[in-house]
Amino acid sequence: MNGTLQGLQGRASVFVGAMILGGCATFTPDGGFGSVEQEVRQRIGKDAIWPRTDAEREALESRVATLLSKRPLSADDAVQVAILNNRDLRAAFAELGIAEADLVQAGRLPNPHFSMFRAKLGHDYKIEQALTFNVLSLVTAPLAFEVEKRRFARAQQSVAVEVLRLASETRKAWIAAVASEETVRYMRQVLRAADASAELARRMEQAGNWSRLARAREHGFYADAALYLARAEHAQSAARERLTRLMGLWGGQAGYELPERLPDLPGTASERPDIERQAIAQRLDIRAAILETEAVARNLDLTETTRFINVLELGPARVLEGEKSDPYKKGYEIALELPLFDWGTARVAKAEAIYWQALDRAAQTAINARSEVREAYRSYRLTHDIAKHYRDEIVPLRKRIAEENLLRYNGMLIGVFDLLSDTRSQILSVTGYVEALRDFWAADADLQMAMIGRVEGTLGPKTLLTQPEAAAGH
Amino acid sequence: MVTRRDFFRGAGVAGATLAASAVSRVSLAALPEPVTMDKADTQPPLLPPNGRPYNPVVTLNGWTLPWRMNKGVKEFHLVAEPVVREIAPGMKAHLWGYNGQSPGPTIEVVEGDRVRLFVTNRLPEHTTIHWHGQRIPNGMDGVGGLNQKQIPVGKTYVYEFVARRPGTFMYHPHADEMTQMAMGMMGFWVTHPKGQHPLIDPVDRDFCFLLNAFDIDPGSYTPKVNTMLDFNLWMWNSRSFPGIDSLNVRLNDKVRIRIGNLTMTNHPIHLHGHEFLVTGTDGGPTPVSTRWYEVTTDVAVGQMRQIELLADEEGDWAFHCHKSHHTMNAMGHDVPTMIGVDHRGLAKQITSLIPEYMVMGERGMADMGEMEMPLPDNTLPMMTGTGPYGPVEMGGMFTVFKVRREQKPGDYKDPGWYKQPPGTQAYEWTGPLAEPARFRSEGGQSMPLATKSPGAEFQVRKPKDHSGH
């Protein structure tokens with residue numbers, strides 16, 4: 001019996017061998033991460049690493065520690081830390097392993113099917129043995145493999161998008177955190193001056209020069225300044241925590257130091273007339289949508305191929321009837337599912353519907369991409385104009401007013417309290433500029449992201465200072 | 001003695017020039033050519049080159065308009081026009097005036113003179129001239145709409161009358177006068193008596209000036225014409241101290257000073273070192289029986305006062321409006337009083353937001369007279385001027401009456417600072433100081449205090465030196 005079975009297996013192994021030689025998938029050494037790594041490096045020049053051994057994890061941790069030890073932490077370093085250290089992202093890398101496993105699975109032939117029937121009455125035996133193999137899978141396997149290959153490529157793309165989106169969000173969080181720290185620092189300075197004016201008002205009353213009413217009125221500046229500072233600190237705490245989360249930091253690591261101010265506004269905003277076309281060529285979500293449609297199309301082919309015959313199993317068989325010493329009769333077994341009730345139409349219809357769905361989704365992805373990139377570009381230009389207006393018009397204007405007021409103070413044309421209350425509108429212009437600069441850099445990050453994929457997420461809350469009611473002053 | 005011809009060549013008065021550029025010579029062929037002045041300095045008296053003789057006045061920081069005789073009629077030509085007037089070195093004002101200056105030139109005539117005044121309007125709006133205080137035909141009184149049509153832009157009108165009453169008068173527009181006077185349109189008129197007058201004594205020096213006020217926002221040039229009372233620049237003849245010339249006289253000169261008030265408030269004009277008599281008002285010379293000696297005379301709005309004195313005390317004597325805010329230049333009227341308010345520790349905190357902030361007013365406002373700090377453009381310090389002993393801390397309606405033994409008759413030049421003879425100047429006491437007895441019965445006899453509260457007196461802060469900040 002053994003010999004005979006070996007013979008059966010020998011014949012079956014011809015099929016299997018053919019399939020493996022035909023390009024059957026095995027697990028790649030990098031788990032498909034190589035292309036993600038390459039994509040990330042090419043797009044933003046950062047290293048994406050998927051540590052899978054303890055040694056790799058240790059090396060990565062020490063690299064993160066080195067980056068965090070830089071004081072201050074630059075936006076680029078913050079982005080690199082997030083890519084290396086964000087655990088959600090690492091979880092997403094695992095998706096790649098799952099997808100690869102599916103791919104490898106699809107590349108392997110189904111196992112041969114061995115069936116045996118044995119009946120005995122005294123010395124009368126009936127034994128049937130068959131080794132069958134799903135012959136149709138030889139035809140469908142390359143198709144299924146194609147589908148899974150595209151699915152895997154798509155998984156790689158979406159992992160790359162996740163890395164790049166995390167990079168973009170980290171960059172924006174860094175911008176918001178730096179801006180909010182700058183605002184807090186300025187508000188502390190304002191509070192210091194406001195404190196002086198409140199104290200001066202107190203001394204005015206003490207010296208008998210002012211009524212309690214006049215003093216109370218002047219105290220308002222101090223009260224407002226304390227509120228502004230509290231709001232600014234609130235915004236700063238939220239912005240910093242967001243950055244900390246994105247970089248996946250906790251404990252002592254969270255004590256990183258940020259620069260004092262945002263980078264200066266570039267002299268001119270870049271001209272990008274061809275931006276829509278570039279975006280269509282570059283965006284990973286569009287590529288993913290195309291891969292998806294291709295995979296679905298292949299799937300449709302597959303379904304159509306197998307619409308009548310779902311299972312066609314074929315293999316050698318032998319039968320013994322009678323005494324155990326009688327010879328086996330050799331033959332073969334064919335099993336075929338008859339499309340008597342299920343002609344496969346439902347499966348084909350479903351596959352078709354999925355195919356059309358994929359096509360429409362791909363088309364909408366392209367439409368959205370164009371619109372998003374236009375919006376992002378316009379936002380980039382407008383925030384640049386606004387920040388430039390603040391820098392070149394509003395701030396210098398307020399400064400000039402402050403200078404002229406100081407001259408008036410020198411001439412005893414106005415008092416010190418007028419001088420101080422004027423600084424309140426100066427405060428608005430300074431914080432307004434910081435926020436405008438923040439918005440510009442955020443828009444710049446969004447524009448870069450819009451060239452990669454969908455833009456998500458907004459900056460943290462704005463401080464109240466830019467609201468018009470606060471501008472009403474005293 | 002300067003001839004009329006000299007005047008019309010523009011050589012008679014330093015700085016006087018013929019202004020024929022804007023109005024063509026041809027169109028003005030029948031008119032006396034307008035003479036203009038480009039300097040704000042006091043010009044020497046204009047000795048009458050023709051007509052009835054008289055003893056001319058000196059207009060403080062001003063001049064007298066030359067005339068021509070035309071068949072026995074004195075012809076003057078006033079041109080109403082925008083001018084740039086120097087208020088004091090460091091500040092110029094964009095005003096409206098006459099013949100290059102605001103106030104316009106003084107017009108001097110003699111009682112009984114027939115006067116013909118050509119008035120050319122080079123303002124952007126119509127105008128008229130009212131001859132304030134004079135007895136004239138009703139149609140010559142210059143109230144637009146009432147006595148005549150307003151003089152349209154670019155047109156010349158002629159006023160003609162006899163100067164009937166000797167005295168001190170003014171001229172100013174009576175068409176949109178609120179704007180036009182706020183812009184500086186005004187001038188002086190002196191009618192000298194014909195021969196001897198029982199109530200008008202001959203004098204050695206005869207000065208005149210108008211009191212006027214503008215509201216010019218620091219850093220700007222043009223007066224705010226809608227200001228009613230809260231003016232910030234107080235002037236004599238549109239000059240503020242230290243831009244006002246001193247009144248320089250010779251010891252024992254008999255001096256007459258004529259003052260007209262075209263501001264919106266009264267001005268108690270006060271002279272140091274001498275008593276004077278008010279010898280004339282808007283109504284003419286005062287009867288001798290009504291005159292009494294004074295050191296301050298209040299000149300009410302729209303009034304004229306003519307004071308006379310014998311300058312028999314040598315020295316540099318202050319001469320000013322006694323409303324102390326009127327001896328200041330532009331100042332903030334809402335600036336809080338900082339006296340006695342300790343700034344220690346605060347100045348540094350404030351400079352974190354306002355880097356160039358300096359403490360002022362803590363000890364009073366005299367800092368202003370001492371410190372030289374940058375001010376807005378075209379703005380005079382609130383108090384300024386330096387005398388021989390330090391800052392004078394004045395502005396506005398303040399000048400010096402200088403009496404000198406060596407001043408020559410007819411010489412109006414500034415003799416410089418007076419040097420007091422030894423032993424005639426206040427000096428520092430260096431001996432011991434006894435503690436004075438202090439008042440201790442708050443509440444008084446009629447309503448004694450039920451409970452004695454800690455009196456405000458105890459909280460008075462004595463001046464301390466905080467030069468550390």
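Everything discussed here concerns the structure shown above.
Residues numbered from 1 in each chain as written. Chains lettered and ligands numbered in written order. Predicted model: local features only at pLDDT ≥ 70, side-chain atom pairs only at ≥ 80, totals over all residues. Heavy atoms only, no water.

Undergrad: I would appreciate a short explanation of the interface of chain A and chain B in the present structure.
TA: A common way to report how large an interface is uses the accessible area buried once the components associate. With 31 residues of chain A at the interface, the matching set in chain B holds 38 residues. Three residues stand out in chain A for area buried against chain B, namely Asn-410, Met-412 and Leu-413 of chain A, and they jointly supply 23% of the buried area on that side. Remark: the boundary between chain A and chain B carries one salt bridge. A salt bridge links Asp-217 of chain B to Arg-408 of chain A; its shortest N-O distance comes to 3.1 Å. Residue assignment for the side of chain A that touches chain B shows that the elements contributing at least two residues are α6 (136–206), α10 (345–410) and α11 (416–450) of chain A. When residues in the side of chain A that touches chain B are grouped by element, the largest group, twelve residues, is from α6 of chain A. Broken down by class, the residue content of the side of chain A that touches chain B amounts to 18 nonpolar, seven polar and six charged. (Contact = heavy atoms within 4.5 Å. Buried area = accessible area lost by both parts, 1.4 Å probe. Salt bridge = Lys/Arg side-chain N within 4 Å of Asp/Glu carboxyl O. Helix = DSSP H or I, 4+ residues; strand = E, 2+ residues; numbered from the N terminus. Nonpolar A, V, L, I, M, F, W, Y, C, P; charged D, E, K, R; others polar.)

Undergrad: Looking at this model, I keep getting lost on the side chain of Arg-205 of chain B. Mind explaining?
TA: Residue and element names in this part refer to chain B. One can find Arg-205 in strand β13 (residues 205–214). A relative accessible area of 1% places Arg-205 in the buried class. One polar contact links Arg-205 to Asp-253, side chain to side chain, over a distance of 2.6 Å. (Buried < 20%, exposed > 50% of the residue type's maximum accessible area, 1.4 Å probe, protein only. Polar contact = N/O pair within 3.5 Å; in protein donor to acceptor, adjacent residues only side chain to side chain.)

Undergrad: Where do I start with the layout of surface pockets in this structure?
TA: There is about 840 Å³ of room inside the largest pocket. Lining of the largest pocket is provided by 31 residues; of these, Tyr-186, Lys-399, Gln-426 and Val-430 of chain A together with Leu-353 of chain B occupy positions nearest its centre. Mapped by element, the contributors of at least two residues to the lining of the largest pocket are α6, α10 and α11 of chain A. Per element, the largest residue contribution to the lining of the largest pocket is nine residues, and it comes from α11 of chain A. Here the residues of the lining of the largest pocket are counted per class, giving 15 nonpolar, seven polar and nine charged. (1 Å grid on protein atoms, 1.4 Å probe; cavity = no way out; pocket = protein on both sides within 12 Å on 5 of 7 lines; lining within 4 Å. Points joined across faces, edges and corners; volume = space filled by probe spheres on them.)

Undergrad: Just checking my understanding: could you explain the sheet that holds strand β21 (residues 296–299) of chain B for this structure?
TA: Hydrogen bonding along the main chain pairs the strands of a sheet, whether they run parallel or antiparallel. All names here are of chain B. Read across the sheet, five strands follow the order β15-β26-β23-β17-β21 without closing on themselves; strand pairing throughout is mixed. Whereas interior strands pair on both sides, the edge strands pair on one side only; in this sheet they are β15 (247–250) and β21. Across the sheet, the mean angle from the axis of one strand to that of its neighbour is 20 degrees, orientation sign disregarded. Of the pairings in the sheet, the one linking β15 to strand β26 (residues 398–404) comprises four bridges and is parallel in character. Paired with Leu-247 across the two strands is Phe-401, which belongs to β26. (Pairing = 2+ DSSP bridges. Axes fitted to C-alpha atoms, helices over the stretch in contact; angles between N-to-C directions.)

Undergrad: Which parts of the structure should I look at to understand helix α7 (residues 212–246) of chain A?
TA: One full turn of an α-helix is made of 3.6 residues, so residues set three or four places apart face in the same direction. Across its 35 residues, α7 of chain A extends 51 Å between first and last C-alpha, which sits within 8% of the 51 Å expected from 1.5 Å per residue. Positioned one or two residues after α7 of chain A, Gly-248 of chain A has a phi angle of 65 degrees, which is positive. (Expected span 1.5 Å × (residues − 1).)

Undergrad: Would you mind showing me how to read the packing of aromatic side chains here?
TA: Aromatic ring pairs are reported here in terms of the distance separating the ring centres and the angle at which the planes meet. Evaluation of the coordinates by the stated rule reveals 23 aromatic pairs over all chains. Ring centres of Phe-207 of chain B and Tyr-412 of chain B lie 5.8 Å apart, and the angle between their planes is 80 degrees; this geometry places the pair in the edge-to-face category. Of this pair, Phe-207 of chain B sits in strand β13 while Tyr-412 of chain B sits in the segment after β26, and the two are 205 residues apart along the sequence. Taking relative accessible area as the criterion, Phe-207 of chain B reaches 2% and is therefore assigned buried. Three or more aromatic residues joined by ring pairs form one cluster here, namely Tyr-98, Trp-131, Tyr-159, Phe-161, Tyr-171 and Trp-189 of chain B. Stacked on the ring of Trp-50 of chain A, the Lys or Arg Arg-52 of chain A has its end atom at 4.2 Å from the ring centre. The ring of Tyr-256 of chain A has Arg-240 of chain A lying over it, and the distance from NZ or CZ to the ring centre is 4.0 Å. (Phe/Tyr/Trp six-rings, centres within 6.5 Å; stacked < 30°, edge-to-face > 60°. Lys NZ or Arg CZ within 6 Å of the ring centre and 35° of its normal.)

Everything listed is a geometric property; what it means functionally is a separate question.
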